[in-house]
Amino acid sequence: MSEPTEPSVGSAGPRLDVAAVRARLAGTTGRQYWRGLEEIAETAEFEEFLKAEFPREAAVFERVGRREFLKLMGASMALAGLSACTRQPQEQLVPYVKMPEQIVPGVPVYYATAMPMAGFGTGLLIESHMGRPTKAEGNPDHPASLGATDVMAQASILGLYDPDRSQVVRYLNEIRPFAAFSETVRQAIDAERASGGAGVRILTGTVTSPALAHELTQLLADLPKAQWHQYEAVSRDNIRAGTVLAFGTPLNVVYRIDKADVIVALDADILGAGPGKLNYARAFARRRQVADPKAAMNRLYVAENTPSITGSKADHRLPVRASEIETLARTLAGALRGQVPSGPHSAWVAAVAKDLLKHRGTSVVVAGDQQPAAVHALAHTMNNMLGNAGATVVYTDPVEAQSVDQIESLRTLSADMEAGQVNLLLMLGVNPVYDAPVDVEFAKRMQKVALRAHLGLYVDETAELCHWHVPEAHYLEAWGDVRGFDGTASIVQPLIAPLYEGKSALEVVIAVGPNPGRPAYDAVREYWKAQGLGGDGDFDNAWRQALNDGVIPNTTAAARATTLKGTGLPPGKATDPQTLELVFRADASVYDGRFANLGWLQESPRPLTKLTWDNVAHVSPATAERLQLASEDVVELDYKGRVVQAPVWVQPGHADNSVTIELGYGRRRGGRVADGLGFDAYRLRTAEAPWFAGGLEILKVSARYPLATTQTHHSMEGRDLVRVATIGAYRADPEHAFHGHHHEPGPEESFYPPWPYDGYKWGMTIDLNACIGCGACEIACQAENNIAVVGKEQVLIGREMHWIRVDRYYAGDLDNPEILHQPVPCMQCELAPCEVVCPVQATVHGHEGLNDMVYNRCVGTRYCGNNCPYKVRRFNFGLFTDWTTESFKPMRNPDVTVRSRGVMEKCTYCVQRINHARIVAKREDRRIRDGEVVSACQQVCPTEAIVFGDLNDKNSRVAKTVAEPRNYGLLAELGTQPRTTYLADIRNPNPELAARAGGPADPHRTGSNHG
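Below you will find a few notes about this structure. (Residues numbered from 1 in each chain as written. Predicted model: local features only at pLDDT ≥ 70, side-chain atom pairs only at ≥ 80, totals over all residues. Heavy atoms only, no water.)

Structural notes on the overall build of the chain
- For the chain, the helix and strand inventory stands at 28 helices and 40 strands.
- Residue burial in the chain is summarised as follows: out of 1011 residues, 61% are buried.
- A separation of at least 24 residues holds for 75% of the contacts in the chain among residues at least 6 apart in sequence.
- When the accessible surface of the chain is totalled, it reaches about 38600 Å², and 51% of it is carbon and sulfur. (Helix = DSSP H or I, 4+ residues; strand = E, 2+ residues; numbered from the N terminus. Buried < 20%, exposed > 50% of the residue type's maximum accessible area, 1.4 Å probe, protein only. Contact = heavy atoms within 4.5 Å. Areas by Shrake-Rupley, 256 points an atom, 1.4 Å probe, with all protein chains shown as cover.)

Structure, rendered in structure tokens:
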């Protein structure tokens, strides 16, 4: 974490009186939505920040030094119309002498592949322009993506072109050829053959790749005493241990969310984390549709420590400390057996148990990855009691090549190194010096190994302490294979030759193995040929089909029958409710730290906090009151004598007496972007308590640390922008279900001339009932439209450049508020306030209804931004686009203008995609078909919340969604007639539970909504 300072403009500001905020909320009547504590408190600093949204020119330089002043002065000249003509650096253009037949300029080509993530694969379609990968999309044929992606898959394109990637093979900081590395390692292996390889250790992350597992097995076949270890910082150890405890054998667990009427998540973020999250989010959202009055809507109960994406969509959410989830699970299991629940949450448990029993075979209980084995075993027990096994829960053999306790495996390796039993340590794609539990003492003990070799994308913390380092090939640069969360296998095919002659783990294992010299392509082909791909027919055709489809047929893991063990669970551990608990979570963007150098992800606002560029210590409002803490206070976190400093973030809905910190920050050798950001949570993490533990002590430091959050950048000015109702109220009276949300439709008369639409009339709807607030649309838009990153200082003063933002709203009390998400792109207003004020007609109304931007006309008056009631325009004050780094040039989408500075930017409905479809349709002498144009935000969305199309086509999906009673326009009473409209959120509360604090009342509900 960088040095604490006084709060900057745009930070959380001075200390807030949480008790006063709570009292202000208690004094309100009706539903009140709020985005942050600062908005409720209405502090002078918050009001001043809102007024400074469009600062005078001099305000830019109030807090910068002379060098920054001179740097920014060029941006301010845009106000005089000078820098709108900023010249791109001169580049030599060389035309083709003979055009390659397989390349058509301007026409992208898509290749199917899969992105390995912590060992598990997500099927992708990669867009390539003339041999340059530029965009990742989901593969609709792959069960782990179903055509969608997450923020990490979208940002993987930036990872490919990251100039900070490792670029050469190193031996003690000297550049060496790869042949020298492989020869050295083979010699070390040969020297160990006499002892059966007793001194050889290989450390990888989770491996599901069949070809890599096969090559590792071949390598170790002649070394019976060598050992292969696996370790991931975000491991699935508890899932494996839970199935062993419940069934006596390790199993893989796959949930059929599409078949579940009732879902109970016990500290499980099934919609926002894990290798199956995209599949589960899609299935969950499809069961929330309300257009069909006969369709049964699912119901979601969530008990969790830290507010999550899944918790934000819950019909009933219960904040519970992580250590108390096990007690809650035991009580729920007892209630299913007929025991009367007791304790502080007895009413919640009784209602949930009754609902589960009513939906035997169509319900599911899910335990979170961070919860101990006992909670997982309890979940399996409850699912078996309810008849869900084989219906909504499917068990298969493990997907991993080796199903091991990874923390125990790392401990064993560490003990062997300490004992001097390891002579060769080969680490493939891992960084244990950074992310291993602190009590394992990996960095110290590793240095006792005679020969240490490392493969990695970066010269990271582990590479720094190794003799040899080999640059790792990006997944888009190398051949391989990988399995998805359900066992489905895919070929990982490269789209570009390695930029830095990197090697994949498969290539390294082959190079140091008994049969070196084979290309990875041959190794993967040979493996699948041996597995019978193509059967007795033509293997080559089957291989080509697998490459084309992105899925190898008949590889999904088969379901297997299970029988619960007769032995009972070990007794639960007592917890002290007054003890302060430390909780670890993977970051929503940088994960365990592997993506920390990707600026797109650093600047992506986190789904619940809207924080960027930092990690924090989350505490509940009540805990903040008790400890006299406020957001941006710096504290010392002391756990078992280990201390780190962290800024505080007061998080509504967080469990009391608990502090959550994110992994993935505090990097020392992660790249120029990552280094120095945030604090290193791994310094407090132990192998005994990798996810949560009691006994944390907090000491407040007399300093403040500015946090760049986007949650308060725009005020609703008291207007309700999100709408929500219960399913009972909606189906009883669709037109009047949204209490307190009656807005005037806007004046019909206008000074604007009428605009005839004889051709297309583009429009978009966003279903708030489906949106989970994951932020994938923001990163997809950034990748598609060449949007620059601006950095923390610019975000602090409200100048992030995203063309679409995802607002997060709270309603109700501070301790357990209702949470709602709302994506906000340009509304593409029919009567656009921005168009009439532009003095140079840089923003104009297109003949198909789009609010078009003409960049070379813009002179930077920013009148359009001032006149936009939705605040969706972004003025690029600075030259944020990196024109000089060579590796970034092939990354950019050639179909979208790259803006320099001094122009206004905003959502364009991906007009380049509309034009591409128009060209194809014109060539075929037809109209553009419905669904033929898919915007970047629509394509990435895992829940299909966004629908785009032609409003003139009454049979189009967008026209049908606009006709739904839930549809409304944002601030439609202003008369702007927005083309982007919303479908209101619908919740499905249990009538036997009191409405959530601040949640909608449901006088129309008399019974269950499940069919």
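Topic: the nonpolar core
- Core analysis: the largest hydrophobic core is formed by 154 residues, its most contacted members being L203, L425, F442, L637, I661 and W762.
- Looking at which element gives the most residues to this core, the answer is helix α5 (residues 151–160), with 7 residues.
- Not counting residues up to four positions away in its chain, the partners in contact with L637 are A617, R642, V643, V644, A646, V659, I661, L684, L696, E697 and I698.
- L219, L220, A453 and A546 belong to the second-largest nonpolar core, a separate cluster that totals 47 residues. (Core = buried A, V, L, I, M, F, W, Y, C linked by side-chain atoms within 4.5 Å.)

Quick notes on the state of the cysteines
- Within this structure, the stated rule accounts for 0 disulfides.
- Just so you know, C826 is unpaired, no disulfide at all, and the nearest cysteine sulfur is the one on C907, 5.7 Å from it. (Disulfide = S-S within 2.5 Å.)

Topic: the pairing of strand β2 (residues 109–117)
- Inspection of the sheet shows β2 paired to strand β3 (residues 120–129) by 9 bridges, in the antiparallel sense. Bridge pairing links M115 to T122 in β3.
- Linking β2 back to β3 in an antiparallel pair, the connection comprises 2 residues, with A118 at a positive phi of about 55°. (Pairing = 2+ DSSP bridges.)

Looking at the environment of L699
- Looking at the element boundaries, L699 is found in strand β27 (residues 697–704).
- For the pair L699 and D638, spaced 61 residues apart in the sequence, the C-alpha separation amounts to 7.9 Å.
- Those residues in contact with L699 that lie beyond four places of it in its chain are V635 and E636.

Looking at the sheet that holds β3
- Spatially, β2-β3-β4 is the arrangement adopted by the 3 strands of the open sheet, whose pairing is antiparallel. Edge positions in the sheet fall to β2 and β4 (132–138), since each has one partner strand and no second. Sheet twist, expressed as the mean angle between neighbouring strand axes with direction ignored, is 40°.
- Of the strands in this sheet, β2, β3 and β4 touch α5, which is tilted by about 170° from β4. (Axes fitted to C-alpha atoms, helices over the stretch in contact; angles between N-to-C directions.)

With respect to the pattern of salt bridges
- Using the criterion set out here, one finds 54 salt bridges in the structure.
- With a shortest N-O distance of 2.8 Å, E477 and R165 are connected by a salt bridge. On the criterion of sequence distance, the pair formed by E477 in the loop between β17 (468–471) and β18 (480–483) and R165 in the loop between α5 and β5 (170–171) is long-range, its members being 312 residues apart. Taken individually, E477 and R165 each receive the classification buried, so the pair is uniform in this respect.
- A single network of salt bridges, built from pairs that share partners, joins K135, E137, E784 and R913. (Salt bridge = Lys/Arg side-chain N within 4 Å of Asp/Glu carboxyl O.)

Re the packing of aromatic side chains
- Inspection of the entire model under this criterion finds 18 aromatic pairs.
- Taken together, a centroid distance of 5.2 Å and an interplanar angle of 90° make the contact between Y527 and W528 edge-to-face. In this structure, Y527 and W528 share a single accessibility class: buried.
- For the pair Y968 and Y982, a centre-to-centre distance of 6.0 Å together with 35° between the ring planes defines the contact as tilted. With Y968 in strand β38 (residues 967–969) and Y982 in strand β39 (residues 980–983), this residue pair connects regions lying 14 residues apart in the sequence. Taken individually, Y968 and Y982 each receive the classification buried, so the pair is uniform in this respect.
- Among the aromatic residues, ring-to-ring pairing joins Y171, F178, F181 and W468 into one connected group.
- Residue placement shows R685 over the ring face of W691; its charged tip is 4.5 Å from the ring centre.
- In this arrangement the basic side chain of R892 is found over the ring face of W883, its NZ or CZ atom lying 5.8 Å from the centre. (Phe/Tyr/Trp six-rings, centres within 6.5 Å; stacked < 30°, edge-to-face > 60°. Lys NZ or Arg CZ within 6 Å of the ring centre and 35° of its normal.)

Side note on unusual backbone geometry
- Residues other than glycine seldom take positive phi values, yet N657 does so here, at roughly 55°.
- Here N657 shows up in the loop between β24 (642–650) and β25 (658–662).
- Even without being glycine, Q977 reaches a positive phi, approximately 50°.
- Relative to the assigned elements, Q977 resides in the loop between β38 and β39.
- The partly exposed category is assigned to Q977, whose relative accessible area is 39%.

A short note on helix α8 (residues 237–247)
- By the criterion of burial, α8 is predominantly enclosed, with 8 of the 11 residues buried.
- Listing the buried residues of α8 in full gives D237, N238, I239, R240, G242, T243, A246 and F247.
- Of the surrounding elements, those touching the buried residues of α8 are β9 (252–255), α13 (373–385), β14 (393–396) and α14 (406–418).
- The positive-phi residue at the C-terminal boundary of α8 is G248, with phi of around 85°.

A look at the packing of α8 against α13
- Remark: α8 packs on α13, axes separated minimally by 7 Å, with the N-to-C direction vectors making an angle of 55°. The angle between α8 and α13 places the two elements in the oblique class. Crossing handedness for the pair α8 and α13: right-handed. Contacts between α8 and α13 involve N238, I239, A241, G242, T243, L245, A246 and F247 from the former and A373, A374, H376, A377, H380 and N384 from the latter.
- A class-by-class count of the residues in the contact of α8 with α13 yields 8 nonpolar, 6 polar and no charged. (Parallel < 35°, antiparallel > 145°, perpendicular 65-115°, else oblique. Left-handed = near helix turned anticlockwise from the far one by under 90°. Nonpolar A, V, L, I, M, F, W, Y, C, P; charged D, E, K, R; others polar.)

By themselves, these are just geometric observations and shouldn't be taken as functional.
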